[in-house]
Amino acid sequence: MKYRSVKGTRDLFAPESERFAATERVAREVFGSYGYAEIRTPTFESTDLFARSVGETTDLVHKEMYTFPDRKGRSLTLRPENTAGVVRALIERGVQDLPKPIRLWYAGPQFRYEQPQAGRYREFHQIGAELIGVPSVSADIELLGMLFVFLRRLGYEGLRARINCVPTGKARETFSAALREFLRPHARRFGPDDQRRLEQNPLRLFDSKDPAVQGLLKDAPKTLDFLDEKARAHHEEFKRELPQSGVDFVEDGTLVRGLDYYTLTVFEVTSGSLGAQDAILGGGRYDNLFAELGGPPMPAVGFAIGEDRLVAAAPKDPRSEKALIVVVPDSPDEFSYALAVSNEIRACRPDAGVETDFAGKGIAKGLGRAAQVLSDPSRHGARVSTVHAVLLGGRERESGTVTVKDLASGQQRTFPRQNLAEEFGAARQA
Ligand code: HAM
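Here the structure is a predicted model, which means the values were calculated and not measured.

A. How the structure looks around the sheet that holds strand β4 (residues 75-78). What the three strands build is an open sheet, ordered β2-β4-β3; its pairing is antiparallel. The outermost strands of the open sheet, each flanked by one partner alone, are β2 (44-46) and β3 (66-69). Looking at each pair of strands side by side, their axes are set apart by 35° on average, direction ignored. By the bridge criterion, four bridges tie β3 to β4 in an arrangement that is antiparallel.

The structure is reproduced here in structure tokens:
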């Protein structure tokens, strides 16, 4: 074969494509019920935007971006995540003049040059939400509560958030210095990446894949011991209030997340059913990012869910059921009658999928094809509730009747075409 999909990318056919669409529908419904509106930002941005927001020393910026010069030599990057784009868009819109809070959600492809494996792709999809303009911990609590309502709507039960609070400002500097001091005596044994992390941004050592480094970090200074009074109060209230929002959680002092923009609250949710790539989602507060990118100071908190993983691990099928109706003309003589009848059925059953069969090789063959439609999940996106075949021969065409067969029970009836609405209305009740 000459052309194949690029490594780390994939094609989504039905029913998987429909599971994605149904999951996004649930997101729109749940997030909409909390006042969130959808935002769509461009798939590529200036490279500098991600370097400034996600951070130069993160793996994401350092090793995983799809960066290329455009024809005028400007450096562009396929977005590896969506928060930076949302913040850039809001600053451009004049965020300071917009009524607060601003509640936005998004769904779309993201790109990271990672080693592909089950649940990890180079093009993957995220569903995320950002709540902007609220400094108080109530925003963190509402956001996580909404996230868990969404997960439960998809059938996820028993999930638990790992939460932490990362120091900001001076406290973060003190923490970084303490971490550097603790680890420096062991640095000779570190790989080049971890040596670079130690000097440039010691918090990034929590992302290290080296078991020796992870072992050392178990006894290293902890984020929670370095919180200033304000941060500590924020975190304590967060922990106190979360259970009332239906969020089960456990505190993890080593969770810092792989992006630099986080301040205070951070969280992740993993699922045991996903294997090695078990992080379903991550998020947190990023109170300095707007200012960092040249906007006004603006508190914000958000999350992004890996949609590919969310769909793969979903305990129940999010697609709704659909009735299928296959219209089978006996021969090409009945094709135009079949088109008209199909349209009339669509008008009275907009909830159903109505397919016209154009083989014209007789009713028996047509029925065989209708049965195939039923058994082939990639032919239609929905879960099939009922299948009816509408059989149209010369007799039906001449007398203006239709013969309808219920493929499950085998029952068959012939009635005047004018009664379609009535008869298919009845089929909907059944
Ligand atoms: P993140 O933790 O980098 O956070 O990504 C969020 C989720 O995207 C991960 O938990 C994972 O499920 C999914 N994901 C990441 N990389 C891949 C991949 N290569 N293949 C499949 N799924 C993947 C962010 O992106 C932040 N923007 C979240 C956020 C929003 N923080 C505040 N607001």
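B. Main features of the nonpolar core. Grouped together as the largest cluster of nonpolar side chains are 44 residues, with contacts concentrated most on L90, I132, L183, Y286 and F290. For this core, the secondary structure elements donating two or more residues are α2 (47-53), α3 (59-63), α4 (83-93), β5 (102-111), α6 (169-183), α8 (211-218), α10 (289-292) and β11 (300-306). The biggest single contributor to this core is α4, with five residues. Once residues within four sequence positions are removed from consideration, Y286 is found in contact with T83, V87, E130, I132, Y261, T263, M298, A300, V301 and G302.

C. How the structure looks around the pattern of salt bridges. One pass over the full model with this rule turns up 35 salt bridges. R257 serves as the salt-bridge partner of E268, at 3.0 Å between the closest nitrogen and oxygen. Taken together, the positions of E268 in strand β9 (residues 264-270) and R257 in the loop between β8 (249-251) and β9 put the pair eleven residues apart, joining distant regions of the chain. Here the two residues E268 and R257 agree in accessibility, since each one is buried. Connected through shared salt-bridge partners, D59, K63, D193, D194, R196, R197 and K209 make up one network.

D. Here's a closer look at the side chain of R79. Turning to its location among the elements, R79 is positioned in the loop between β4 and α4. The side chain of R79 sits in the buried core without any salt bridge; E45 is the nearest counter-charge, 6.7 Å away. For R79, the side chain forms a polar contact with the side chain of Q110, separated by 3.4 Å.

E. View of the packing of aromatic side chains. Counted by the stated rule, this structure contains nine aromatic pairs. Between F31 and Y36 the ring centres are 6.4 Å apart and the planes differ by 55°, which places this aromatic pair in the tilted class. Each member of the pair, F31 as well as Y36, is classed as buried. One aromatic cluster is present, built from ring pairs that chain together F31, Y36, W105, F150 and F303. Sitting over the face of the ring of Y121, R10 holds its NZ or CZ atom 4.2 Å from the ring centroid.

Basis of the calculations
- Residues numbered from 1 in each chain as written.
- Predicted model: local features only at pLDDT ≥ 70, side-chain atom pairs only at ≥ 80, totals over all residues.
- Heavy atoms only, no water.
- Pairing = 2+ DSSP bridges.
- Helix = DSSP H or I, 4+ residues; strand = E, 2+ residues; numbered from the N terminus.
- Axes fitted to C-alpha atoms, helices over the stretch in contact; angles between N-to-C directions.
- Core = buried A, V, L, I, M, F, W, Y, C linked by side-chain atoms within 4.5 Å.
- Buried < 20%, exposed > 50% of the residue type's maximum accessible area, 1.4 Å probe, protein only.
- Contact = heavy atoms within 4.5 Å.
- Salt bridge = Lys/Arg side-chain N within 4 Å of Asp/Glu carboxyl O.
- Lys, Arg positive; Asp, Glu negative; His and termini not counted.
- Polar contact = N/O pair within 3.5 Å; in protein donor to acceptor, adjacent residues only side chain to side chain.
- Phe/Tyr/Trp six-rings, centres within 6.5 Å; stacked < 30°, edge-to-face > 60°.
- Lys NZ or Arg CZ within 6 Å of the ring centre and 35° of its normal.

Just distances and angles here, no functional claims.
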